[in-house]
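# Topology and contacts: notes
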Amino acid sequence: MEGPLAIVSAMALTLDDLFASPDHYLHSFEGDAAVFVSMDRAAYHRSIFLDGRISPAPGGAMRVPVAMLAGRAPSPAPTGWIFHVAHCGSTLLARALDRVPANLVLREPLALRQLALAPDAAGLKLTVAMLSKRYRPDAPTIVKANVPVNFLLPELVAFDREARAIFLHLGLRDYLLAILRNDKHRTWVRNVTGQLATHLGDLSALPDAERAAALWLAQMRAFAAAIALLPEARSLDAEDFFARPREVIAHAARHLQVGMKEAEIDALVAGPLFSTYSKNPELPFDNAARLARRSELEESLAPELEQAQAWIAAREEAAPAIAAVAAVGLG
């Protein structure tokens, strides 16, 4: 037998193995093939992101025909979710909740992002089933999504109306200060709004501030619609998380059913996770540095902040969406 099936056979794997163990991670799709990467609990923990920056276990990757898998996908197991508007502490929160050797946290799975940009119902069912795998039946798997996935929320909600989820967000002004702070972040805004034109419309003629406002509002509306359907949805303002990390982590852990003791949370907040940049632990960074950076931007970004706020004020749908998200605060 030739091709991907030969690889599966040579590794003495069955389809049941692929669906059962998180050690076989559905990383991405390439054409008609699903790409699986070898992982273990330590590899997931050290992989801050599960896209091209993944840090896999020994064993390499393999390609399996999607058609071979799609009809066999079971219903996804109950899964916790962190949805967010970007640049709002989601990586920090997800890493704080990643408790070795208990629960499993998957940060920004690439396959899920691919499906957000090129929707496919069968592929989504397969992906969500694969992401829901657990190492321990009593310890949840939590998925931290990324911005494009916010526009898959209706489909994701349909898989499990009892799913526990946290919707992490920022107020408009705080959001703008986070994502317009330098050229790299502005390029990200332009790129992602272009990729999401199907949902946002063509925003190419808008200045950066209005593009960012449009993206923020679209996500808040998506969050509000999902929250209306999910009894176990909770929202979290990132500024509250940054200001009260101990209390927020305790609330988030309880909500997502992650077992954490007070002493463990205290040690976590006092340790390197909260004194380094969450996306790159080699860089010193903490909330005081973040606040200082934001303060420096207030004056230079003032005209764009006003421009974006005026754009939002002109849209009647903004206030109800903002109120709906705020109404289910985490605590």
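For the structure, check the block above.
My aim in this report is to walk through the structure given alongside it, one point at a time. What you are looking at is a predicted structure, and each value in this text was computed from that prediction instead of being measured.

What counts as what
- Residues numbered from 1 in each chain as written.
- Predicted model: local features only at pLDDT ≥ 70, side-chain atom pairs only at ≥ 80, totals over all residues.
- Heavy atoms only, no water.
- Axes fitted to C-alpha atoms, helices over the stretch in contact; angles between N-to-C directions.
- Helix = DSSP H or I, 4+ residues; strand = E, 2+ residues; numbered from the N terminus.
- Parallel < 35°, antiparallel > 145°, perpendicular 65-115°, else oblique.
- Left-handed = near helix turned anticlockwise from the far one by under 90°.
- Contact = heavy atoms within 4.5 Å.
- Nonpolar A, V, L, I, M, F, W, Y, C, P; charged D, E, K, R; others polar.
- Pairing = 2+ DSSP bridges.

Moving on to the packing of helix α9 (residues 172–179) against helix α12 (residues 208–227). α12 packs onto α9 with a crossing angle of 125 degrees between their chain directions and a minimal axis gap of 10 Å. By the angle between their directions, the pair α9 and α12 is classed as oblique. The handedness of the crossing between α9 and α12 comes out as right-handed. Note on element contacts: α12 touches α9 through Ala209, Ala212, Ala213, Leu215, Trp216 and Gln219, opposite Leu172, Tyr175, Leu176 and Ile179. Looking at the contact of α9 with α12 residue by residue, the class counts come to nine nonpolar, one polar and no charged.

Now for the sheet that holds strand β7 (residues 165–169). Spatially, five strands are ordered β5-β6-β4-β7-β8 in an open sheet, and the strand pairing comes out parallel. Both edges of this open sheet fall to β5 (104–107) and β8 (233–237), since each of them pairs with a single strand only. Put simply, the sheet's adjacent strands are angled 15 degrees from each other on average, direction ignored. In this structure, β5 lies alongside strand β6 (residues 141–144), joined through four bridges in parallel fashion. Residue pairing across strands places Leu106 opposite Val143, the latter belonging to β6.

A few words now on the environment of Ala67. Among the secondary structure elements, Ala67 is positioned in helix α4 (residues 66–70). With 181 residues separating them in the primary sequence, Ala67 and Val248 have C-alpha atoms 43 Å apart.

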